Protein chains: 2
Amino acid sequence: MPDTLLHAIVPAGGAGTRLWPLSRRAAPKFLLDLTGAGRTLLQQTVDRLRPLTGDGVTVVTGTAHAAAVRAQLPELGEADLLAEPSPRDSMAAIGLAAAVLARRHGDVVVGSFAADHVVRDTAAFERAVREAVAVARAGYVVTIGIEADHPSTAFGYIRAGEPLGGAGTPTARRVVGFTEKPDAATAAAYLATGEYRWNAGMFVVRAAVLLDHLAAERPALHAGLSEIADAWDTDARPDVLARVWPDLEKVAIDHAIAEPVAARGGVAVVPAAMGWDDVGDFASLAPLVPPAGDGDVRVLGAVADVLTVDAAGALVVPGSGRTVTVLGIPDAVVVDTPDAVLVTTRAHAQQVKQVVDQLRDGRDRLL
Amino acid sequence: MPDTLLHAIVPAGGAGTRLWPLSRRAAPKFLLDLTGAGRTLLQQTVDRLRPLTGDGVTVVTGTAHAAAVRAQLPELGEADLLAEPSPRDSMAAIGLAAAVLARRHGDVVVGSFAADHVVRDTAAFERAVREAVAVARAGYVVTIGIEADHPSTAFGYIRAGEPLGGAGTPTARRVVGFTEKPDAATAAAYLATGEYRWNAGMFVVRAAVLLDHLAAERPALHAGLSEIADAWDTDARPDVLARVWPDLEKVAIDHAIAEPVAARGGVAVVPAAMGWDDVGDFASLAPLVPPAGDGDVRVLGAVADVLTVDAAGALVVPGSGRTVTVLGIPDAVVVDTPDAVLVTTRAHAQQVKQVVDQLRDGRDRLL
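Here the structure is a predicted model, which means the values were calculated and not measured. All chains use their own residue numbering, which begins from 1 and follows the written sequence. In the order they appear in the text, chains get letters beginning with A and ligands get numbers beginning with 1. Local features in this predicted model are restricted to residues whose pLDDT is 70 or higher, and side-chain atom pairs enter the listing and the counts only when it is 80 or higher, whereas totals over whole chains, interfaces and linings include all residues. Side-chain numbers come from the whole structure's heavy atoms, not from hydrogens or water.

1. Digging into the overall build of chain A
Only runs of H or I of at least four residues qualify as helices and only runs of E of at least two qualify as strands under DSSP, and these elements are numbered from the N terminus. Each helix and strand counted, chain A has eleven helices and 17 strands in total. For 367 residues, the compact-globule estimate of 2.2 N^0.38 gives 21 Å, and chain A sits close to it at 21 Å. Seen through its principal axes, chain A has C-alpha atoms that stretch 60 × 50 × 40 Å. Within chain A, buried positions represent 57% of all 367 residues. Here the contacts in chain A between residues at least 6 apart in sequence split such that 66% fall between residues at least 24 apart. To get the radius of gyration, use the C-alpha atoms; to get the globule rule, take the number of residues to the power 0.38 and multiply by 2.2 Å. Think of it in three bands: with a 1.4 Å probe and only protein chains considered, a residue is buried below 20% of the maximum accessible area for its type, exposed above 50%, and partly exposed in between. Pairs of residues are marked as contacts when any of their non-hydrogen atoms sit within 4.5 Å.

Okay, here's the thing in structure tokens:
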């Protein structure tokens, strides 16, 4: 095992609604092998981190998924999985892990890395994280800004300012601000400036710095998480969790810390091009799946179960043992599972959420 | 039971390849309820004929489907099903039935009506057949010509000539000729003249007239069918069938009789608008299926198993108990069965045959 450059916090949550019927409540996106790699997104995330963290990986997930996470990560230490009684958004998840790690290891550098994203260039990822750790040691909240290669409306953006210029941090820049997902025209304008990066939710920061910012910005949430962290490695954990957790504020770390601290000049960004994707829908999934057959058809699963004719760019996910045939629909998306079939196109990938919303009414068992 | 105006011959064959995966070798089109009527196409065909034929319905089918035909038509007499050892096209099927019926009943009027077509206006059908019988009694081969309401390239055409003008046969006209399926421009030109009708393969003719024409046009086929018919209701049937049937010429009744006899002025047509369709593919099936939900979506099967969003004109056939969801594909055709799923559009309905052709190679079990 390598040294522990940083302690990674891996929030493993999120429904992956737009990937229904592949992603379900009982088998959310992070538990799935979505790229045909033979490893799930969670496993790939941890594989990617181990050279940087050694044993220092902590997964935060819901109690419903704790057993599945342990099954997929048999090497994970007993103490390295924090189970949340209910979802309280990213600030509570990351803040709890940071507080627990601070009590166990002192003022270590921690970094948050979502369990359901894809990174194709691992070497670039490692370089970026190493630089981020160096910047974090100087007291910054450091985010890794993904080079925007198209005007995406699916991601939030980070606006980079002047270079930090420190030794050993050649590419880091100060963050001017964060923005929500833009409309298409705004996204195009962002891309044209060259100053904007995608916000992949990767934050690297000293535990004490993070907790100090939290105390300043969200004192009640900080107090609640501190009380829980104090009790975490004791017999009092269940009682304290049951009493304190339900009332914790639900807020994203971006809003709770990154935005206000950036406004005060305390956030830095390390730009990186690492083939990152959040695999948010079938349109973003398709290029990550191996090609099979003519016309750039992509098949996630048994290629022998798929037959396409005049369906260039189709994404087919055979998942029930049946033969799936697609005729005359370019960019078709067909997902076949034992209890549900989805038929759509890449262009409608974002609207899969509408289908799921309609299923909530009476067909909840399919979600 | 009504009197026997004519003896109906119902050829029950054809694979319905373009309706795969609904239609299979083991469950061909005529054995299926394709309109949600609760009756299969075969049953609907016989239901439609009974008021005209009484008990006089004879079904000709392959030995592989004889048991299924009997199960669907429990009222069919033992002698009223003729099982063919192998497919020998429509002339052999209809000629055999006509020869057997002539031996049983003398020179009765016979009529051939395919087991896998749809007729929505039964009253118009009955009127047309009654007039056809009257014309047939005068010695003509009579076909029922379907009023063409669009320039279809999927059907052959009948060109009508001058009215026959006989008493009791007000609409019948002499046939100038038959044509194969035309291209789109030719079909449009046909429609513009008003002289062309679709050939639905309905032929009404005295048994003796039919057999005499057959003897003149195809003497070897006539001799073979005569030998088989002589033996049919005797113990010799199996031996004679086994010896004679395999060498019978495979030819359609249109080519063997209708075309040459029309050239000599011996064929008449009774025009009719009866909501006829041969249900040749999913595009022609869609309008026959009950609407379900917004946007003229059609569902053949359990409506509760289907969810469509922005899929106006879609045809969905849920057939495995799975929920089928279609998003953003107008005119989509989705057919879900326990071992195969087809995803296409109405515009590609004719090309389903290409999919089936590709499945022959290695996935024959699905056909």
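Anyway, onward from the coordinates.
2. A look at the domain arrangement of chain A
The figure often quoted for interface size is the accessible area lost as the parts come together. Residue and element names in this part refer to chain A. Residue ranges for the domains originate in an automatic or database domain assignment. The domains assigned to chain A are domain 1 (7-277) and domain 2 (287-366). In this structure, domain 1 and domain 2 have C-alpha centres spaced 30 Å apart. Across the contact, 14 residues belong to domain 1 and 21 residues belong to domain 2. Here the quantity called buried area is the total loss of accessible area, with a 1.4 Å probe, experienced by two parts when brought into contact, counted for both. Area buried by domain 1 at its contact with domain 2 is led by Arg-18, Trp-20 and Arg-24, which between them contribute 43% of it.

3. Focus on empty space enclosed by the protein
All names here are of chain A. Using a grid of 1 Å spacing that covers the protein atoms alone, one calls a set of points a cavity when a 1.4 Å probe fits there but cannot get out, and a pocket when the set is open and has protein on both sides within 12 Å along at least five of seven lines; lining residues are those with an atom within 4 Å of a point. Grid points are joined across faces, edges and corners, and a volume is the space filled by probe spheres set on the points. A complete count under the given rule lists four cavities of 30 Å³ or more for this structure. Considered as a void within the structure, the largest cavity measures approximately 60 Å³ in volume. Considering the residues around the largest cavity, the lining is formed by Thr-45, Arg-48, Leu-49, Phe-113, Ala-114, His-117, Val-119, Phe-125, Ala-200, Met-202 and Trp-276. Counting only elements with at least two residues in the lining of the largest cavity, the list comes to helix 1 (41-53) and strand 9 (196-206). It is helix 1 that provides the largest number of residues to the lining of the largest cavity, a total of three residues. Three categories are distinguished: nonpolar for Ala, Val, Leu, Ile, Met, Phe, Trp, Tyr, Cys and Pro, charged for Asp, Glu, Lys and Arg, and polar for the others, with Gly belonging to the last. Here the lining of the largest cavity is built from residues that sort into eight nonpolar, two polar and one charged.

4. Some remarks on the sheet that holds strand 17 (residues 340-345) of chain A
Taking strand neighbours across the sheet as the criterion, the six strands line up as 12(A)-14(A)-16(A)-17(A)-15(B)-13(B) in an open arrangement whose pairing is mixed. The sheet terminates laterally at strand 12 (298-299) of chain A together with strand 13 (306-309) of chain B, the two strands that pair on one side only. The criterion for strand pairing is that DSSP finds at least two bridges linking the strands in question. Where strand 16 (residues 332-336) of chain A meets strand 17 of chain A, five bridges bridge the pair, whose relative direction is antiparallel. Residue pairing for strand 17 of chain A: Ala332(A) is matched across the bridge by Thr345(A).

5. Remarks on the interface of chain B and chain A
Counting from both sides, the interface comprises 37 residues of chain B and, opposite them, 37 residues of chain A. Approximately 2800 Å² of surface area, both sides summed, lies buried where chain B meets chain A, with 59% of it carried by carbon and sulfur atoms. When the area that chain B buries against chain A is broken down by residue, the three leading residues are Arg322(B), Leu327(B) and Val343(B), summing to 24%. For this analysis, a salt bridge means a side-chain nitrogen from Lys or Arg found within 4 Å of a carboxyl oxygen belonging to Asp or Glu. Counting the contacts that link chain B with chain A gives two salt bridges.

6. A short note on the environment of Val109(A)
Residue and element names in this part refer to chain A. Position of Val-109 relative to the elements: it lies in strand 4 (residues 109-112). Note: C-alpha distance between Val-109 and Ala-27 (82 residues apart in sequence) is 31 Å. Discounting chain neighbours no more than four positions away, the residues touching Val-109 are Leu-5, Leu-6, His-7, Val-133, Ala-136, Arg-137, Val-204, Val-205 and Arg-206.

7. Points about the pairing of strand 1 (residues 7-12) of chain B
On a regular strand, each side chain points to the face opposite its neighbour's, so the side chains alternate between the two faces of the sheet. All names here are of chain B. In terms of residue burial, strand 1 counts as a mostly covered element, since five of its six residues are buried. Note that strand 1 and strand 4 (residues 109-112) share three bridges and pair parallel. Bridge pairing in strand 4 places His-7 opposite Val-110.

8. Regarding the UniProt feature "domain: Nucleotidyl transferase" (unreviewed entry) in chain A
Per the UniProt entry, the sites bearing "domain: Nucleotidyl transferase" (unreviewed entry) are residues 8-285 of chain A in this numbering. A helix fraction of 40% and a strand fraction of 22% characterise residues 8-285 of chain A, whose end C-alpha atoms lie 25 Å from each other. UniProt positions are given in the numbering used here, feature names are shortened, and annotations may be inferred rather than shown by experiment.

9. A closer look at the relation of the copies chain B and chain A
The relation between the two chain copies is a rotation about an axis coupled with a shift along that axis. Our superposition of the copies is a least-squares fit, built on the C-alpha atoms of residues whose pLDDT is at least 70 in both. Aligned on chain A, chain B shows an RMSD of 0.0 Å; the corresponding rotation is 180° and the shift along the axis is 0.0 Å. Such a combination of rotation and displacement between the chain copies is what one expects of a two-fold axis. Measuring from the rotation axis to each C-alpha of chain B, the shortest distance belongs to Val343(B), at 3.8 Å. Interface overlap between copies: 100% of the residues of chain B at the interface are likewise at the interface in chain A, consistent with a symmetric, same-surface contact.

10. Digging into helix 4 (residues 122-137) of chain A
Residue and element names in this part refer to chain A. Over its 16 residues, helix 4 runs 23 Å from end to end, which matches the ideal 22 Å to within 8%, given 1.5 Å per residue. Residues of helix 4 that are buried include every one of Ala-124, Phe-125, Ala-128, Val-129, Glu-131, Ala-132, Val-133, Val-135 and Ala-136, and no others. Summarising the contacts, the buried residues of helix 4 are in contact with helix 1, strand 4, strand 5 (118-119), strand 6 (141-147), strand 9 and strand 10 (267-272). You can read the cap of helix 4 off the contacts: a side-chain oxygen lies 3.3 Å from the backbone nitrogen of Ala-123, and it is on Asp-121. Where helix 4 ends, the next residue or the one after it, Gly-139, has phi of about 105°, a positive value. To estimate how far a helix should reach, multiply one less than its number of residues by 1.5 Å. Any pair of N or O atoms that falls within 3.5 Å is considered a polar contact. Within protein, one atom must be able to donate a hydrogen and the other to accept it, and sequence-neighbouring residues count only if both atoms are side-chain atoms.

11. Regarding the sheet that holds strand 14 (residues 315-317) of chain B
Here six strands make up an open sheet; going across it, the order is 13(A)-15(A)-17(B)-16(B)-14(B)-12(B) and the pairing mixed. The open sheet terminates on both sides in strands that have one partner only, identified here as strand 13 (306-309) of chain A together with strand 12 (298-299) of chain B. With four bridges joining them, strand 15 (residues 323-327) of chain A and strand 17 (residues 340-345) of chain B adopt parallel strand pairing. Of the residues in strand 17 of chain B, the one forming a bridge with Val324(A) is Val341(B). Of the strands in this sheet, strand 13 and strand 15 of chain A together with strand 17 of chain B are in contact with helix 11 (residues 352-359) of chain B, which crosses strand 13 of chain A at around 140°. Helix axes are fitted only over the stretch in contact, all axes being lines through C-alpha atoms; the angle between N-to-C directions runs from 0 to 180 degrees.

12. Observations regarding the packing of aromatic side chains
The rule is short: rings of Phe, Tyr and Trp, with Trp giving its six-membered ring, pair when the centres are within 6.5 Å, and they are stacked under 30 degrees, edge-to-face over 60, tilted in between. Enumeration according to the criterion identifies 16 aromatic pairs over all chains in this entry. Connected via pairs of aromatic rings, a cluster forms that spans Phe155(A), Trp198(A) and Trp276(A). For a Lys NZ or an Arg CZ to count as sitting over a ring, it must be within 6 Å of the ring centre and within 35 degrees of the ring normal. When the ring centre of Phe125(B) is taken as origin, the NZ or CZ atom of Arg48(B), which lies over that ring, is 5.6 Å away. One residue, Arg237(B), lies across the ring of Trp232(B), its end atom 4.2 Å from the ring centre.

13. Quick notes on unusual backbone geometry
Note the cis peptide between Trp20(A) and Pro21(A), where omega equals 5°. Tracing the backbone through its elements, the reader meets Pro21(A) in the loop between strand 1 (7-12) and helix 1. Positive phi values are uncommon outside glycine, yet Asp310(A) reaches one of about 50°. Tracing the backbone shows Asp310(A) in the loop between strand 13 and strand 14 (315-318). The phi dihedral of Asp331(B) falls on the positive side, at around 60°, and the residue is not glycine. In this structure, Asp331(B) sits in the loop between strand 15 (323-327) and strand 16 (332-336). Judged by its relative accessible area of 34%, Asp331(B) falls in the partly exposed class.

14. A closer look at the pattern of salt bridges
Overall, the coordinates contain 40 salt bridges over all chains when judged by the stated rule. Salt-bridge contacts for Asp331(A) lead to Arg346(A); the nearest nitrogen and oxygen are separated by 3.9 Å. With Asp331(A) in the loop between strand 15 and strand 16 and Arg346(A) in the loop between strand 17 and helix 11 (352-359), this pair connects stretches of sequence that are 15 residues apart. Taken together, the shared-partner salt bridges in this structure form one network comprising Arg322(A), Asp336(A), Arg322(B) and Asp336(B).

15. Details of the packing of helix 6 (residues 207-217) of chain A against helix 9 (residues 253-263) of chain A
Residues and elements named next belong to chain A. Two numbers describe how helix 6 lies on helix 9: the axes approach to 10 Å, and their chain directions differ by 95°. Judged by the inter-axis angle, helix 6 sits roughly perpendicular to helix 9. For the pair formed by helix 6 and helix 9, the contact residues are Leu-210, His-213, Leu-214 and Glu-217 on the first element and Ile-253, Ala-256, Ile-257, Pro-260 and Val-261 on the second. Roughly parallel refers to an angle under 35 degrees, roughly antiparallel to one over 145, roughly perpendicular to one between 65 and 115, and oblique to any angle outside these ranges.

16. Some details on the side chain of Thr143(A)
Residue and element names in this part refer to chain A. Residue position: Thr-143 is located in strand 6. Taking relative accessible area as the criterion, Thr-143 reaches 0% and is therefore assigned buried. Among the polar contacts made by the side chain of Thr-143, one reaches the main-chain carbonyl oxygen of Met-202 at a distance of 3.1 Å. Setting aside anything within four residues of it in sequence, one finds Thr-143 in contact with Ile-158, Val-175, Phe-178, Asn-199, Met-202, Phe-203, Val-267, Ala-268, Val-269 and Val-270.

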